[in-house]
Amino acid sequence: MARRKTSKEDVLFYSDSSIDSNSLHDLLIHSASQHGLDVNTSPPTTTPGKSRSFKSLSSGDLSSSSSGHQRKDKPEKGSKKRNSRSKSRDRGDSTTLTTTEEKKKSKKGQKREKAKQQKLSKSRPKFNSHVLSDDEIDDATSSSEVVMLREQLKTLSTELVSLRTALVMKTANGLTNSNSQSDLQPLNQPDFSEADSIIQERRDDSNSSSENQNTKNRKFTQKFTASMIATTSPKDLEDLIHLCGPLTEDSIIKTLQHRWDSGCPYTKIGPILLSMNAYKGDPHAMDNALLQPADHNPYLLNIVKEAVRLQTETGYSQAMVLSGESGSGKTHSSMLLLRQLYDLAGGGPGTDGFKHVSAAVTVLRSLGSAATLQNSESTRMGYYTEIHVSEGVIFRSKIHCYFIDHSRITQTSPNEKGYHIFYEMLAGLTPDERVKLHLQGYSAHNLNCLNHLLAMDTDADSQKFKAWKNSLSVLGIPFSDVMRILAAVLLLSNIEFMESSDLELDIRGNNEIKAVAALLGVSGVSLYRGLTTKTRCVRGQIFKTLADAATANATRDSVAKALYCRTVSAIARKANSVRRPGSNSGHSSSSDDVHHSDQQSCKQPSPATSKLSVNHSSAASTLGGSLGDGVISIVDMFGFENNQSNQFEQLCINLCAETLQHYYNTHVFKSTQECCREEGIPFEIDIEYQDSTPVIELISAPLTGIFYHMDKESANLENKRSSASFAQNITAQHEHSLRFYNPEDKGTYGFGIKHYSGNVVYDATHMVDRNRDLMADDIMSIFQKQNCNFGFATHLFLNDLKGQGSSPPQGNLHRIYPTSSLHTDHSGKDGVKRTFSQDFQSRIDNLLKTLMHSKPHFIRCIRPNHHESATQFDLAVVRQQIRALQVLETVHLMAGGYPQKMRFKSFNHRYKFLSVHKRLRRSEEKAIEDTKGILDSFLKAMDESKLPYASTNWALGKRHIFLSEGARQCLEQLRHQRREEAATVIQANVRRMICLKQWPSLRRSLEQKNRVRTQNNVQSNRKSPMYQEIERHRKRGQESEACDIKTIQQTCYLYGLDMDNPPPLPSSRPYTVSGNSKMGFPQTRIMKHNFPEGHGDVVLKKGDTVQVIGVSPRRGHLMVDYNDNVLHVPYQLTELKLQTSPRSRYVTGVEI
């Protein structure tokens, strides 16, 4: 184990003017003098303009650590004299400062010290401490007293380290009053209220041996070193492990608030990322998340890069786990992760694979999101997204849904809304589509399943519905089939059965029941009979009775839930059925395609629903596949909820949140401590975290849990007092449990559970009914093929209807929402049907087993306020979430413990760049020696580099090397620096070799160009006056027509031209221009010069009249008829012949 010491230039506190050594010295003298400590010394001198950091005061204590490493700083000015005096004292020289000259020098030195102290005292903070007199300071100038004072100063500085460490540890263990809701205290003035008690304990232990004392000091120093790392300011602090000063909740919250105010909602805790919901206020923020490029969010991009790198190098599956309460931004972050993952390994957003998965996410999000009291975009379904990767390339994606909130389909709580798709379709359907779906005249105000009291944004809903419709077509799912099901669910809520004096039940909503029957493809009579008839099987005999109004209404709700939930399941299976999304770009035009692919996809194992997936997700290292084949998953499950009325859905949601919190605790805290103990590494940091195991056992224990008693009551279908019996049983069972309590205002059936994020009171009134999750075969039989002509509706119940065949109802019960592994009824012991809680527990357990075979990357999400405001930072809300997510404990572990471990071979392979290759043995027997050599080279490199100081601790175990997070970051930074330097050297040498190889041919080409240029210069000097005049004329024209760059750009913009790619030159025009007239051919022209001019014979002389018959194919030439021969004469050598008439002058030629 080794440590690097912070330098004296490091800043200790957040304040602009940090506490210097003189102030600390005065504080120590004041605290020690009250307990009788003999501290008769002067403050240590400092160089003007500089202040010693706290670490420089305790350098003597830090250097006593056998495993420590520190950079040797240069001695300060004025210390040579003290060093020489101490050396002379060690040599036995007893006569010092005896001569007159030495006395004079000492007096001058004292005067200088006094002047310096007076200057520094003006800028340092004042303390009510004992100030030494001038005589006492003068008496302290002898050599023996100087040495003694230095030793006392070391002791006092060590005590201050111990004092601050004890305060931090007490704060971490909850011994301080952390429940205060007052404003945050400034971090630059730490609280030393317990200084007296700590120093008194240190004085009582002063009689102990020096060895034990050094060991104790070393332990305190090792615990506190990680919290002493210097930074510039809170808003610039990206990683909380580098937080300076004591690690407390207030310091963490202040850092998060500074970063929030500066527009950066992301903060790291080593490899863990804290994400605060930014609340952009854009209604299309969720839709735009998949459109943002990868470099838009570098913090999430780093997590994706690390996951892809580890999966490619090791073949081990990776999992990006998002956790936090409802409204903390988990779904938005998961979409950003998905987009960035496809940008890195999927080919970008233009590929068919990304378009497919993006369409699936858009469709499922509208079907599974709703507005609640806590979150206007609350996701009521959990998502486990699997991205299958082979050799770093995505080839398949699957989305597994965890649907819980079924009751929201038929009714909504006050101040909440139903699922988004209902409002979007009512706002986006055309009039013709409304007529086909029997929805003309209906809106959110006259549909009972929707809440009409809340405001709605119809424009935004209409745009979202268009995007949803397009996404549905991308998946190949018929739009009309899905709309018929959703319209039937909406209209079913307006059907109500009432008791009557006749045998039949009265019905309110005759038009609605006819419309629902038409939409589902059944007759109105069969639908009415299925809702109002109840079939029972008693001792093998079938009995049919009329149901009462309550039972009929319950059957109506079960049909609506079954239609909606099974439609969502069918869409999810269809989205997952394409093995290679890029290979299927066609669209399905009929529901038969959906049915066929749906049945095929059901046979595939699912990690979220099948136990076969536990081994499937463990990558190639366990299944023998090729290296690099595995899964990168995104876990976006339910967030913790505590509403005004907490029902069965909230109990399941909070159980899922507790399970993920238990997974986090196991991976971060428990496994780290156990691994250190197994390999003999002393784990000196005592971290107390809240274990979620008692709450999980309270809810889901096999024979005593709440779900067990709920399942027992659910088995008795005839018991009308099941809720009361259930509440009494769980109260009697768990009344002595520490996590179970009876609330004062619990109502008729209520109980409370102490969760990791707070106490929640649950209402058990409807828990048993919702846990049964059953529907009778009376209503299901109407969807048989002979009774229903709507194929998609028949397909939704196909697996349940297979066992029934064409026979009439037999009194069986079926699940409303069977999972992919539970399409038929399964019975347990004593004939008890499987309940919703049993299915949910099995799916959560399988998910947890799958995650246990993956390398997790945690993203802890926090909501800054409860009002979804982009400017409000609520301290109480953030503090509660930080405690629930155990951020402080995580920072303590990452800063002072050993959260990172690597096998020696892996460590040597990754960081071999830091050592000389010749010194590495490269064998498993010598792996530890190679590791030590790399660490030695690392320390030397850190001393020579300009990297900032950090706490670099490590320890060598039996099979692993344990690293602090600071050490890992320094190793990675130095490795990256070495690799860049090596890459630069390699590139330079390769370019040099390429240039040397190409130089002969390049030299020949350059020589040839020089020869050609020389010849052209000679020829240009020999040009005739005619051509020189032509060139001068051309240059004058170019200069006169020269334009600035702005004019050129504006012209190109107006005419649609591209400056980089100019249009081709036009062909020569078949005329010439004279004045404002176009002159055709033939023309009569006069020669201005001889042609040709040079060494040849002159054919045409200056002043000759020639006949021009047309434009020459040579650019800039005219065709001249001369003695029945055609000559190509330059245009500049001729001019039009002017003929004078009695009235005006005109040119000869044909005017066009």
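On a predicted model such as this, the values are computed, not experimentally measured, just so you know.

**Description of empty space enclosed by the protein**
Under the criterion given, the structure shown has 17 cavities of 30 Å³ or more. Taken together, Thr331, Ser334, Met335, Leu338, Val361, Leu364, Arg365, Tyr383, Thr385, Ile399, Ile634 and Asp636 make up the lining of the second largest cavity. Those elements that place two or more of their residues in the lining of the second largest cavity are α13 (330–345), α14 (352–368), β6 (381–390) and β12 (630–636). Ranked by residue count, the leading element in the lining of the second largest cavity is α13, at four residues. Grouping the amino acids of the lining of the second largest cavity by side-chain chemistry returns seven nonpolar, three polar and two charged.

**A short note on the pairing of β12**
Burial within β12 is extensive, with seven of its seven residues counted as buried. Burial along β12 is two-sided: Gly630, Ile632, Ile634 and Asp636 and Val631, Ser633 and Val635, pointing in opposite directions, are all buried. One ladder, built from seven bridges, connects β6 with β12; its direction is antiparallel. By the bridge assignment, Val389 is partnered in β12 with Gly630.

**Looking at the pattern of salt bridges**
Inspection of every chain in the model, using the stated rule, returns 24 salt bridges. Here Arg309 ties to Glu313 by a salt bridge, and the two come within 2.9 Å at their closest N and O atoms. A residue pair is termed a helical-turn pair when its members lie 3 or 4 positions apart in one helix, as Arg309 and Glu313 do in helix α12 (residues 298–314) at four residues. According to the relative accessible area criterion, Arg309 is partly exposed, its value standing at 22%. The partner of Arg380 in a salt bridge is Glu641, with the nearest N and O atoms 2.5 Å apart. Of this pair, Arg380 sits in the loop between β5 (378–379) and β6 while Glu641 sits in the loop between β12 and α25 (648–678), placing them 261 residues apart in sequence. Judged on exposure class, the residue Arg380 and its partner Glu641 are both buried. Among the charged side chains, a network of salt bridges with common partners joins Arg380, Asp405, Arg408, Glu416 and Glu641.

**Some thoughts on the nonpolar core**
Counting residues in each nonpolar core, the largest one holds 112 residues, and the members touching the most others are Phe422, Trp468, Leu563 and Tyr564. Counting residues per element, this core draws most heavily on helix α21 (residues 549–576), which supplies 12 residues. Residues within four places of Tyr564 in sequence aside, it is in contact with Leu367, Phe403, Ile409, Tyr419, Ile421, Phe422, Leu486 and Val489.

**Section: the side chain of Ser333**
In this fold, Ser333 is placed in helix α13. A distance of 3.0 Å separates a polar side-chain atom of Ser333 from the backbone oxygen of Gly329. If sequence neighbours within four positions are ignored, Ser333 has contacts with Ser275, Leu300 and Leu322.

**Considerations on the packing of helix α27 (residues 706–715) against helix α28 (residues 722–734)**
Relative to each other, α27 and α28 sit at 150°, their axes nearing to 10 Å. Judged by the angle between their axes, α27 and α28 are roughly antiparallel. Considering only the axes of α27 and α28, their crossing is right-handed. Of the residues in α28, those touching α27 at Ile706, His709, Met710 and Glu713 are Ser722, Ser725, Phe726, Asn729, Ile730, Gln733 and His734. Among the residues making up the contact of α27 with α28, the classes are represented as four nonpolar, six polar and one charged.

**Some remarks on α12**
Here α12 spans 24 Å end to end across 17 residues, near enough to the 24 Å set by a 1.5 Å rise per residue. Downstream of α12 by one or two residues, Gly315 has phi in the positive range, about 75°.

**Things to note about the packing of aromatic side chains**
Tallied over the full model, the rule gives 26 aromatic pairs. Here the aromatic rings of Phe422 and Tyr564 are separated by 5.5 Å at their centres, their planes lie at 50°, and the arrangement is tilted. Of this pair, Phe422 sits in helix α15 (residues 420–428) while Tyr564 sits in helix α21, placing them 142 residues apart in sequence. The burial state of Phe422 is the same as that of Tyr564; both residues are buried. Between Phe740 and Phe751, the ring centres sit 6.0 Å apart and the planes meet at 15°, which makes this aromatic pair stacked. Of the two residues, Phe740 sits in strand β13 (residues 740–741) while Phe751 sits in strand β14 (residues 750–755), which places them 11 residues apart along the sequence. Exposure class is identical for Phe740 and Phe751. Each is buried. By the ring-pair criterion, three or more aromatic residues cluster together here, those being Phe403, Tyr419, Phe422, Tyr564 and Tyr817. Between Lys469 and the ring centre of Phe479, over which it is positioned, the NZ or CZ distance is 4.6 Å. It is Arg484 that lies over the ring of Phe790; its NZ or CZ is 3.8 Å from the centre.

**Things to note about a negative patch on the surface**
Together, Glu499, Asp502, Asp506 and Asp548 make up a negatively charged patch on the protein surface. Tracing the backbone shows Asp506 in strand β9 (residues 506–508). We classify Asp506 as partly exposed; its relative accessible area is 37%.

**So, the pairing of strand β21 (residues 960–963)**
Of the two faces of β21, the one holding His960 and Phe962 and the one holding Ile961 and Leu963 are both buried throughout. Here strand β19 (residues 900–903) pairs with β21 via four bridges, running antiparallel. Counterpart to Lys901 in the pairing with β21 is Phe962. Hairpin remark: strand β20 (residues 954–956) followed by β21, antiparallel, with three residues in the connecting loop.

**Brief notes about the sheet that holds strand β15 (residues 758–763)**
A sheet is described by the order of its strands in space; here three strands give the open sequence β13-β14-β15, paired in antiparallel fashion. Only two strands of the sheet have a single partner each, and these edge strands are β13 and β15. Pairing of β13 with β14 involves two bridges; the strand directions are antiparallel. Note that in β14 the partner of Tyr741 across the bridge is Gly752. Contacts between α25 and the sheet are confined to β14 and β15, with β15 contributing the most and set at about 150° to the helix.

Definitions and limits used
Each chain carries its own residue numbering, running from 1 in the written order of its sequence. Only residues with pLDDT of at least 70 are given local features in this predicted model, and only at 80 or more are side-chain atom pairs given and counted; all residues enter the totals for whole chains, interfaces and linings. Processing note: side-chain calculations cover all non-hydrogen atoms of the structure and skip hydrogens and water entirely. Method remark: on a 1 Å grid restricted to protein atoms, a set of points is classed as a cavity if a 1.4 Å probe fits but cannot get out and as a pocket if it is open with protein on both sides within 12 Å along at least five of seven lines; lining residues have an atom within 4 Å of a point. Grid points are joined across faces, edges and corners, and a volume is the space filled by probe spheres set on the points. Numbering of helices and strands starts at the N terminus; helices are DSSP runs of H or I of at least 4 residues and strands are runs of E of at least 2. Each residue gets one label: Ala, Val, Leu, Ile, Met, Phe, Trp, Tyr, Cys and Pro are nonpolar, Asp, Glu, Lys and Arg are charged, and the others, such as Gly, are polar. Each residue gets one of three labels from its accessible area relative to the maximum for its type: buried under 20%, exposed over 50%, partly exposed in between, using a 1.4 Å probe on protein chains only. Between any two strands, at least two bridges found by DSSP are needed for them to pair. Take a side-chain nitrogen of Lys or Arg and a carboxyl oxygen of Asp or Glu: if they are within 4 Å of each other, that pair is a salt bridge. Nonpolar core, defined: a set of buried Ala, Val, Leu, Ile, Met, Phe, Trp, Tyr and Cys residues in which side-chain atoms within 4.5 Å join the residues together. The contact rule is simple, with two residues in contact once any of their heavy atoms fall within 4.5 Å. Polar contact is defined as a pair of N or O atoms within 3.5 Å, subject to the rule that within protein one atom must be able to donate a hydrogen and the other to accept it, and that residues adjacent in sequence are counted only when both atoms are side-chain atoms. To define axes, lines are fitted to C-alpha atoms, for helices over the stretch in contact only, and angles between the resulting N-to-C directions are given on a 0 to 180 degree scale. Angular relationships are summarised with four words: roughly parallel below 35 degrees, roughly antiparallel beyond 145, roughly perpendicular across 65 to 115, and oblique for the angles in between. By definition, any crossing whose near helix is turned counterclockwise from its far helix by less than a right angle is left-handed, and any crossing with a clockwise turn is right-handed. Each residue after the first adds 1.5 Å to the expected span of a helix. Aromatic rings from Phe, Tyr and Trp, with only the six-membered ring used for Trp, were paired whenever their centres fell within 6.5 Å, and each pair was classed as stacked if the ring planes differed by under 30 degrees, edge-to-face if by over 60, and tilted otherwise. Charge over a ring is defined by NZ of Lys or CZ of Arg lying within 6 Å of the ring centre and within 35 degrees of the ring normal. Residues form patches when they are more than 30% accessible in relative terms and have no salt bridge. Like charges link within 9 Å. Nonpolar side chains (Val, Leu, Ile, Met, Phe, Trp, Tyr) link within 5 Å. What sets the accessible areas is the Shrake-Rupley method with a 1.4 Å probe; for residues, cover comes only from the shown protein chains. Counted as positive: Lys and Arg. Counted as negative: Asp and Glu, with His and the chain ends omitted from the count. In plain terms, the charge of a residue is placed at NZ if it is Lys, CZ if Arg, CG if Asp and CD if Glu.

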